[in-house]
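Fold and contact review
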Amino acid sequence: MERLQKVIANSGYTSRRKAEALIQNGKVKVNGKTVYELGTKVSTGDMIEVDGNLLQKEEQKVYFLLYKPRGVVTTTQDDKNRKTVVDLIDTAVRIYPVGRLDYDTTGILLLTNDGQLANMLMHPKNNIDKVYIVKVNGLIGKEQIKRLQSGVVIEGRKTSKSQAKIKKYDKKTNTSIVELTIHEGRNHQVKKMFETLGYQVLKLKRERISFLTLSGLKSGAYRMLSPKEVKKLYNEVMQKKV
Ligand code: URA
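Things to note about the overall build of the chain
Of the regular secondary structure elements, the chain holds six helices and 17 strands. Here the chain has a C-alpha radius of gyration of 20 Å; the compact-globule value for 242 residues is 18 Å, and the two agree. Taking the principal axes of its C-alpha atoms as reference, the chain extends roughly 65 × 40 × 40 Å. Residues counted as buried form 45% of the 242 residues belonging to the chain. Counted over contacts in the chain with a minimum sequence separation of 6, partners at least 24 positions apart contribute 63%. Taken as a whole, the chain presents about 13,600 Å² of accessible surface, with 48% of it coming from carbon and sulfur. Taken together, the 46 basic and 25 acidic charged side chains of the chain have centroids lying 6 Å from each other.

Now the structure itself:
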């Protein structure tokens with residue numbers, strides 16, 4: 001028997017916090033009956049509906065590492081019929097992306113049906129490195145790098161500490177390349193961080209998530225994670241929790 005909000009979160013439907021809100025708002029049914037109690041225990045035989053959707057039963061966990069190209073949306077389905085990251089992967093299993101890269105952002109993206117790992121990777125408290133290579137207009141100075149590192153206010157809330165390094169200046173085109181490592185995954189976070197400083201992001205690529213890189217992959221290609229890598233990822237999120 002497990003707590004209802006945990007089962008919902010582990011299915012990958014949403015985060016634990018949002019699952020709790022759904023329960024409290026009367027959006028969750030167990031065996032056809034609406035439950036409001038957060039502590040409700042359920043077992044594998046129970047039928048759980050969230051917002052009218054039947055929760056998928058556990059299946060074999062799969063993990064893909066995709067080199068996302070530009071011009072693809074990071075969702076499972078797009079209402080404008082654009083190509084999605086899931087369309088790029090040949091699998092019968094229902095997978096979803098871990099976090100989001102914008103339509104015009106390229107780079108490393110994980111896709112899985114392991115809701116537990118996905119939620120842990122996305123939670124800022126687990127301090128998972130997400131490393132971005134950012135091309136911006138203008139020449140970034142040391143002062144701006146310091147501000148990025150200590151956190152900037154976007155949408156009324158300060159970003160947590162990050163690491164930032166200037167990789168290259170191009171005086172001719174008046175652009176800079178910055179390597180930025182963040183641990184959160186707020187909406188359009190990198191672009192907004194630079195916008196706050198008065199810079200426009202011209203190109204954005206995510207190069208690394210924790211120890212995982214794009215090594216050996218071409219844009220648009222993917223591979224499965226090895227069991228060893230999955231274990232290592234679990235170790236990373238567990239370790240950094242405490
Ligand atoms: N930050 C952004 O602004 N966009 C992305 O795609 C990823 C992080």
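Describing the packing of aromatic side chains
Applying the stated criterion to the full structure yields one aromatic pair. With 5.7 Å between their ring centres and 80° between their planes, Phe 64 and Tyr 222 make a pair best called edge-to-face. Of the two residues, Phe 64 sits in strand 7 (residues 63-68) while Tyr 222 sits in strand 17 (residues 222-224), which places them 158 residues apart along the sequence. One cation-aromatic arrangement involves Arg 82 over Tyr 103; the distance from NZ or CZ to the ring centre is 5.0 Å. A cation over an aromatic ring shows up here: Lys 232 above the ring of Phe 211, its NZ or CZ 4.3 Å from the ring centre.

Some words on the sheet that holds strand 3 (residues 33-34)
Strand order in the open sheet made by the four strands is 3-2-5-6, with antiparallel pairing throughout. This sheet does not close on itself; its edge strands, each paired only once, are strand 3 and strand 6 (53-54). Here strand 2 (residues 28-30) pairs with strand 3 via two bridges, running antiparallel. Residue pairing across strands places Lys 29 opposite Thr 34, the latter belonging to strand 3.

Quick word on a positive patch on the surface
A contiguous patch of positive charge on the surface is contributed by Arg 3, Arg 16, Lys 41 and Lys 125. With respect to the element layout, Arg 3 can be found in strand 1 (residues 2-3).

A look at the site of the ligand
Around the ligand, the surrounding shell consists of Leu 101, Asp 102, Thr 105, Tyr 132, His 188, Gln 189, Val 190, Lys 191 and Leu 204. Val 190 places a main-chain nitrogen or oxygen 3.1 Å from a nitrogen atom of the ligand. Within the backbone of Lys 191, a nitrogen or oxygen atom sits 3.0 Å from an oxygen atom of the ligand. Protein contacts shield 96% of the accessible area of the ligand, which totals 240 Å² for the unbound molecule. Here the shell around the ligand gets three residues from one element, more than from any other, and that element is helix 5 (residues 189-196). Per-class residue counts for the shell around the ligand are four nonpolar, three polar and two charged. When residues are assigned to domains, the shell around the ligand turns out to be shared by domain 2 (63-124 + 211-241) and domain 3 (129-209), each giving three or more.

Digging into the pairing of strand 13 (residues 163-170)
Pairing geometry for strand 13 and strand 14 (residues 175-182), over seven bridges, is antiparallel. Its bridge partner being in strand 14, Lys 165 is matched across the sheet by Glu 179. Taking the residues between adjacent antiparallel strands as the criterion, strand 13 and strand 14 are bridged by four residues, where Asn 174 takes a positive phi near 55°.

Quick notes on the packing of helix 3 (residues 115-122) against helix 6 (residues 227-239)
At their nearest, the axes of helix 3 and helix 6 sit 10 Å apart, and the two run at 50° to each other. With respect to their mutual orientation, helix 3 and helix 6 come out oblique. Considering only the axes of helix 3 and helix 6, their crossing is left-handed. Contacts from Gln 116, Leu 117, Met 120 and Leu 121 in helix 3 reach Leu 233, Tyr 234, Val 237 and Met 238 in helix 6. Looking at the contact of helix 3 with helix 6 residue by residue, the class counts come to seven nonpolar, one polar and no charged.

The rules behind these values
Residues numbered from 1 in each chain as written. Predicted model: local features only at pLDDT ≥ 70, side-chain atom pairs only at ≥ 80, totals over all residues. Heavy atoms only, no water. Helix = DSSP H or I, 4+ residues; strand = E, 2+ residues; numbered from the N terminus. Rg over C-alpha atoms; globule rule 2.2 N^0.38 Å. Buried < 20%, exposed > 50% of the residue type's maximum accessible area, 1.4 Å probe, protein only. Contact = heavy atoms within 4.5 Å. Areas by Shrake-Rupley, 256 points an atom, 1.4 Å probe, with all protein chains shown as cover. Lys, Arg positive; Asp, Glu negative; His and termini not counted. Charge placed at Lys NZ, Arg CZ, Asp CG, Glu CD. Phe/Tyr/Trp six-rings, centres within 6.5 Å; stacked < 30°, edge-to-face > 60°. Lys NZ or Arg CZ within 6 Å of the ring centre and 35° of its normal. Pairing = 2+ DSSP bridges. Patch = residues over 30% accessible without salt bridge, like charges linked within 9 Å, V, L, I, M, F, W, Y side chains within 5 Å. Salt bridge = Lys/Arg side-chain N within 4 Å of Asp/Glu carboxyl O. Near = heavy atom within 4 Å. Polar contact = N/O pair within 3.5 Å; in protein donor to acceptor, adjacent residues only side chain to side chain. Nonpolar A, V, L, I, M, F, W, Y, C, P; charged D, E, K, R; others polar. Domains from an automatic or database assignment. Axes fitted to C-alpha atoms, helices over the stretch in contact; angles between N-to-C directions. Parallel < 35°, antiparallel > 145°, perpendicular 65-115°, else oblique. Left-handed = near helix turned anticlockwise from the far one by under 90°.

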